[in-house]
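Remarks on the overall topology
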Amino acid sequence: MTTSFVIPPALALIAAGLVLPFINGALRSALLLLAPLVTLWLVWQVPDGVQLTTSWLGYQLELVRGDKLARLFASVFAIMAFAGGLFSLNQSSSFELGAAYVYAGGAIGVTFGGDLITLFVFWEIMAVASTLVVWSGGRFANGAGLRYAAMHMFGGVLLMIGIIGEVLNTGSIAFQVMDTSTTARWLILAGFLINAGAPPFSAWLPDAYPAASWSGMVFLSAFTTKTAVYVLLRGFPGSEILIFVGLYMVFYGIVYAILENDMRRILAYSIVNQVGFMVTGIGIGSQMALNGAAAHAFTHIIYKALLLMSAGSVLLMTGKRKCTDLGGLFRTMPFTMVMGVIGALAISSFPLTSGFISKSMISQGAADAHLGFVWFMLAAASAGVFLHAGIKFPWFVFFQKDSGLRPPEPPWNMRAAMVLMAAFCIGLGIWPGPLYSLLPYPVDYVPYTTSHVVFQLQLLLFSGLAFFIMLDLLKRTETITLDFDWIYRKLMGWVTRGLNDGSERAWDRFLETADTVLTRVNSGIYRHHGPDGVFGRTWPTGRMAFWTTVMLGAYVVWAYI
Amino acid sequence: MIRLSEHLPIIQVLVPLFGAILTAFARRGTTAWAIAATASVLAPFVSAAMLWTVFETGRPISYVMGSWAAPWGIEYRVDLLNGFVLLLVSVIGVATISYARKSVAAEIDAHKQAWFYTMYLLCLTGLLGIAVTGDAFNAFVFLEVSSLATYVLIGLGRHRRALLAAYQYLIMGTIGATFYIIGVGLLYVVTGTLNFADLADRLGPAMDTQARPILAALAFMTVGICLKLALFPLHAWLPNAYAYAPSFATAFLAGTATKVAVYLLMRIFFSVFAIAIPASALPVTEVIVILSVAAMFIASFSAIFEENAKRMLAYSSVAQIGYITLGIGLANQLGLSASLIHVFNHALMKTALFFALGAIVYRTGLVNISQLSGIGRRMPLTIAAFVVAGLGIIGVPGTAGFISKWYLAMAAIDKGWWWMVFLIVASSLLAVVYVGKFIEVAYFREPGPDVAEAHEPPISMLLPLLALAFATVYFGIDTRLTTSVAEAAASALLGGAR
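Source: prediction; values computed, not measured.

Turning our attention to the overall build of chain B. Secondary structure summary: chain B contains 19 helices and two strands in total. For 498 residues, the compact-globule formula gives about 23 Å, and the C-alpha radius of gyration of chain B, at 21 Å, lands near that figure. Seen along its three principal axes, the alpha-carbon backbone of chain B occupies a region of about 70 × 55 × 40 Å. For chain B, contacts bridging at least 24 residues in sequence account for 80% of all contacts bridging at least 6.

So, in structure tokens, the structure goes:
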């Protein structure tokens, strides 16, 4: 029942992902590189409108529905899969790569899904495949993967219940702009937000992602949160609650990233932070802000991948992930360092990088809507981003003290992947036109005005200056890492301290209680349901008959009364 | 000249019955198998033809035995509901019989094999008979035929505890059947009829004067049938019966026996009592809802901690029956549809799972999960099919199990019970744990010495397994057969049309 002949783009990646675990060598490399390119081509073959439908359970499923927004996200997902594939050519675990490609295919399936059921199915495919990617991170990833799976199953449950409610309320499975007027829609929103890393469940992201392998996290960073951004853009633009959710995420990410020591966890917190910008933009809901959120998702996927590729290269070459163990790598990994710095500049929205042309649209959206408070918070957050991702990450990994490590540069394919992403970062920063033309609404915005550039440079340079003044001050002391923490806390003032001390203690206590309660519950369940428990062992015939009598007795007595 | 098509309802029962007699005369297992296979293969054609006729004409097929008009004579009556059940039972019969040859040859002593097939065919006769008949007493007769045959099937298991399991089931099954017949007797005393449709007509007027015996009859029949379908807490006979029966018998019974009992419960509830007496007279549906939820959780937890893979799946069956009876307890159109859909889907999935375990037993003789480490590398197709069916049990989108879950959730929301949806989905997450436990052992551990020699089962066992695994996916995507028939049957049940 096709209106025209269209191959679902998601299919190419998912099929490739299913084949990958079974092939090796050059064939595997060829498939890794070709499948995303074919997918990208297919994405651009999908014309506007509903293209592929099938009926299921009496509903008309819109398997493929093309429009500008879907194409924008699907394109960046396909580009990301290609860069990720290139980067991971020498990943020995074909299983991880297969899971990653199915995962990417699921994300593309979500973007083209025209109805709630199709969306849900691909949503679940993503959840399962991404869990497998986390699990491929090795022995240490078991617990994190389990927590990750539990969180996403919970999100899936909320989403499914919401969708069923929505279908019963409206009688339609169409995925359209929704308000937050019914319980069902709240549940759908909650399901979406869990994947976006929104409070109170932001912690799954920095918990699970850094547990993945050096290549796995590159994939993970791109799809789950950004499909959540996509569905929020589509389903809940202009929902005011998203502004607050987004702002919370922005600052949550900054605060925890500044306190963090694991280099990839810093970047994971920074994902929450950046997605916060997008969610805020969606909450503002003007065309400018929505364009900004979409554009920021596009550019963020690319520079975050670049950052994680440089971090992944460091992890692969040194085997170390903690900032305190690293440092001084610029001596032998200058190339990786340059790439990391480009990514860091982009995430900090430095002029002439992709972050500048996208994030500024969200701020502009806030300004146009006369949301002064929001605008101010976003500006303050921009300085915070520069501190935690723009300076902290490259400084601790590549400069700082000399850790004595002398690792070589990563293999050519990893470098090539980084060059590709870096080229996007700078290219889009200099020529934003092509990206702007892909955005869902017409763009009437010029990023490079004098006042804007000057404002941004001032913001960045002064926060940079502040950083290096403190740094000089600190270099004279010996206990360098500890003092850095102290300075950061000073900088962030009571917010940080309150959050850190208070929440950490509360969190510890919560974990402790949760642990005891869960242990007790578990042993209780085991006592009753285990092999020797009343529900697990073989009953004597007499007891079976007894319960039969009880049942009958209960009915008969009831009938008598 | 007899036109065969007019006699399909009785042919449905007679073919396996005559087959049973023939196998009783056969000496060799292979001959008996050939006869059983012929009878089994014929059955789905008959039931499919009947279901098709009913679906097309929109009218039930009525067949009067020996030209004695109902309600004096025995009437066989096929409508969408039992047409669907007949098709399910006979299809499972075909799948298991092709699986049976190697499995039975390995697990049953040569001189008992022919008798084993006799019992299988008698069991099939009984199950088909319960489904096809429109007569309460005739249903009892077939219930006993199938039950007695089942006791033998279970008792022929190689494990010593099989005898005890069969004995326990014998006692409990007899209690259940007795309760049922006591209920039928009470109804007969009150109304003077045994025909379901006639009972429904006469019970209403009788309710004014003789409410007590009618309610007692409802209580007896409900408890009796709930015992046969293993509703918690009347399920205790089931885990051992499934665990120690021969692999083939387990797979066949898991897919059919409880399902037919579910059908009988629906028939008694909705085609007889619901029409005649007010729902408030006896809180049957409320009790069933509570017990179903209890089954969904308690049996799932038991499955999680169970070490014997067959017992684990047996507990899982008890939990899944909880979903089925929950739909009955919800007693709305979507709920009954969900029940029927899950009857069908669960039969496919659980039979597939037991096929996979049977294949493992065939190659290794092992049923304890901890001994099966790395079996996935030795028997990749078998375990892959297990995984697919397991995903169906969990209710992953794209599998048949998801359709069941979807309908059940819709039924709960339709009733305004949001919290019930959480319970449904939460209990399905428990299935993730026990299915996951098996998969973890089978795939992610190094193959142990116990499974070193294992490899894929013979093609005659592998094919039905793969076919059912494929069906699990197929009926998760193309749901026209299951949902349209189930919804129409549910409407008919609730509309009081018979």
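Counting its regular elements, chain A contains 20 helices and two strands. A compact globule built from 561 residues would reach a C-alpha radius of gyration of about 24 Å, and chain A, at 25 Å, matches this within 12%. In terms of principal-axis extent, the alpha carbons of chain A reach across some 90 × 60 × 55 Å. Sequence separation of 24 or more characterises 79% of the internal contacts of chain A that already satisfy a separation of 6 or more.

Looking now at the interface of chain A and chain B. Counting residues at the interface gives 33 residues for chain A and 39 residues for chain B. Elements supplying a minimum of two residues to the side of chain A that touches chain B: helix H5 (116-135), helix H6 (141-170), helix H19 (480-529) and helix H20 (541-560) of chain A. The biggest single contributor to the side of chain A that touches chain B is H20 of chain A, with 11 residues. Its residues assigned to classes, the side of chain A that touches chain B comprises 24 nonpolar, eight polar and one charged.

To continue, consider the domain arrangement of chain B. Residues and elements named next belong to chain B. By the assigned domains, chain B splits into domain 1 (1-282) and domain 2 (284-498). When each unit is reduced to the centre of its C-alpha atoms, the spacing between domain 1 and domain 2 is 22 Å. Contacts between the two partners involve 46 residues from domain 1 and, on the opposite side, 46 residues from domain 2. Among the elements of the structure, helix H3 (80-107), helix H7 (196-209), helix H8 (211-228), helix H9 (238-244) and helix H10 (247-276) are those that each provide at least two residues to the side of domain 1 that touches domain 2. Sort the elements by how many residues they give to the side of domain 1 that touches domain 2 and H10 lands first, with 16 residues. Residues that form the side of domain 1 that touches domain 2 fall into these classes: 32 nonpolar, 10 polar and four charged.

A few words now on the packing of helix H16 (residues 400-414) of chain B against helix H18 (residues 459-477) of chain B. All names here are of chain B. Axis separation between H16 and H18 bottoms out at 6 Å; the angle between their running directions is 45°. Of the possible angle classes, the one that applies to H16 and H18 is oblique. Each of Ala 400, Phe 402 and Ile 403 in H16 lies in contact with H18, whose residues at this interface are Thr 472, Phe 475 and Gly 476. When the residues that make up the contact of H16 with H18 are grouped by side-chain class, the tally is four nonpolar, two polar and no charged.

Residues and elements named next belong to chain B. With 15 residues, helix H15 (residues 380-394) extends 21 Å between its outermost C-alpha atoms, agreeing within 8% with the 21 Å of an ideal straight helix rising 1.5 Å per residue. With 11 of its 15 residues buried, H15 lies for the most part within the structure. Inspection of H15 places Thr 382, Ile 383, Ala 385, Phe 386, Val 388, Ala 389, Gly 390, Leu 391, Gly 392, Ile 393 and Ile 394 among the buried residues, and these make up the whole buried set. Contact partners of the buried residues in H15: helix H12 (309-330), helix H13 (333-364), helix H14 (375-378), H16, helix H17 (418-444) and H18. Positive phi appears at Gly 395, one or two residues downstream of H15, with a value of about 95°.

Before going further, it helps to spend a moment on the environment of Leu 334 of chain B. Residue and element names in this part refer to chain B. Following the sequence through the fold, Leu 334 ends up in helix H13. Separated by 14 residues in sequence, Leu 334 and Leu 348 have C-alpha atoms that sit 21 Å apart. With residues up to four places along the chain from it excluded, the contact list for Leu 334 reads Tyr 407, Met 410, Ala 411 and Asp 414.

This part is about the confidence of the model for chain B. Residue and element names in this part refer to chain B. In the predicted model, chain B carries a mean pLDDT of 89, and 99% of its residues have values of at least 70. Considering each helix and strand of chain B separately, the mean pLDDT is smallest for H14, with a value of 84, and largest for helix H5 (residues 136-155), with 94. Scoring of the predicted complex yields 0.80 for pTM and 0.81 for ipTM.

Attention now moves to the packing of helix H10 (residues 241-259) of chain A against helix H15 (residues 372-398) of chain A. Residue and element names in this part refer to chain A. Look at H10 against H15: their axes get within 9 Å of each other, and the N-to-C directions meet at 30°. Taken together, H10 and H15 sit at an angle that is classed as roughly parallel. The two elements H10 and H15 meet at a crossing, and its hand is left-handed. Contacts from Ile 243, Leu 247, Val 250, Phe 251, Ile 254, Ala 257 and Ile 258 of H10 reach H15 at Val 374, Met 377, Ala 381, Gly 384, Val 385, Leu 387, His 388, Ala 389 and Lys 392. Of the residues contributing to the contact of H10 with H15, the split by class is 13 nonpolar, two polar and one charged.

Take the pairing of strand E1 (residues 61-64) of chain B next. Residue and element names in this part refer to chain B. The side-chain alternation of E1 yields one buried face, formed by Ile 61 and Tyr 63, and one unburied face, formed by Ser 62 and Val 64. Bridge analysis of E1 against strand E2 (residues 75-78) gives four bridges, and the strand direction is antiparallel. Within the sheet, the bridge partner assigned to Val 64 lies in E2 and is Glu 75.

A separate point is the nonpolar core. What tends to happen in soluble globular proteins is that the nonpolar side chains get buried as a cluster. Core analysis: the largest hydrophobic core is formed by 412 residues, its most contacted members being Phe 77, Tyr 103 and Leu 306 of chain A. Once residues within four sequence positions are removed from consideration, Leu 306 of chain A is found in contact with Met 339, Ile 342, Gly 343, Met 418, Met 421, Ala 422 and Cys 425 of chain A.

Attention now moves to unusual backbone geometry. Residues and elements named next belong to chain B. The omega torsion across Phe 232 and Pro 233 is -5°, close enough to zero to call that bond cis. Position of Pro 233 relative to the elements: it lies in the loop between H8 and H9. The residue Ala 230 is not glycine, and still its phi comes out positive at about 65°. Position of Ala 230 among the secondary structure elements: in the loop between H8 and H9. Residue Ala 230 is classed as buried on the basis of its C-beta count, with 29 C-beta atoms lying within 10 Å.

What counts and how
- Residues numbered from 1 in each chain as written.
- Chains lettered and ligands numbered in written order.
- Predicted model: local features only at pLDDT ≥ 70, side-chain atom pairs only at ≥ 80, totals over all residues.
- Helix = DSSP H or I, 4+ residues; strand = E, 2+ residues; numbered from the N terminus.
- Rg over C-alpha atoms; globule rule 2.2 N^0.38 Å.
- Contact = placed C-beta atoms within 7 Å.
- Nonpolar A, V, L, I, M, F, W, Y, C, P; charged D, E, K, R; others polar.
- Domains from an automatic or database assignment.
- Axes fitted to C-alpha atoms, helices over the stretch in contact; angles between N-to-C directions.
- Parallel < 35°, antiparallel > 145°, perpendicular 65-115°, else oblique.
- Expected span 1.5 Å × (residues − 1).
- Buried ≥ 20, exposed ≤ 12 C-beta atoms within 10 Å, placed from the backbone.
- pLDDT = per-residue confidence, 0-100.
- Left-handed = near helix turned anticlockwise from the far one by under 90°.
- Pairing = 2+ DSSP bridges.
- Core = buried A, V, L, I, M, F, W, Y, C linked by C-beta atoms within 7 Å.

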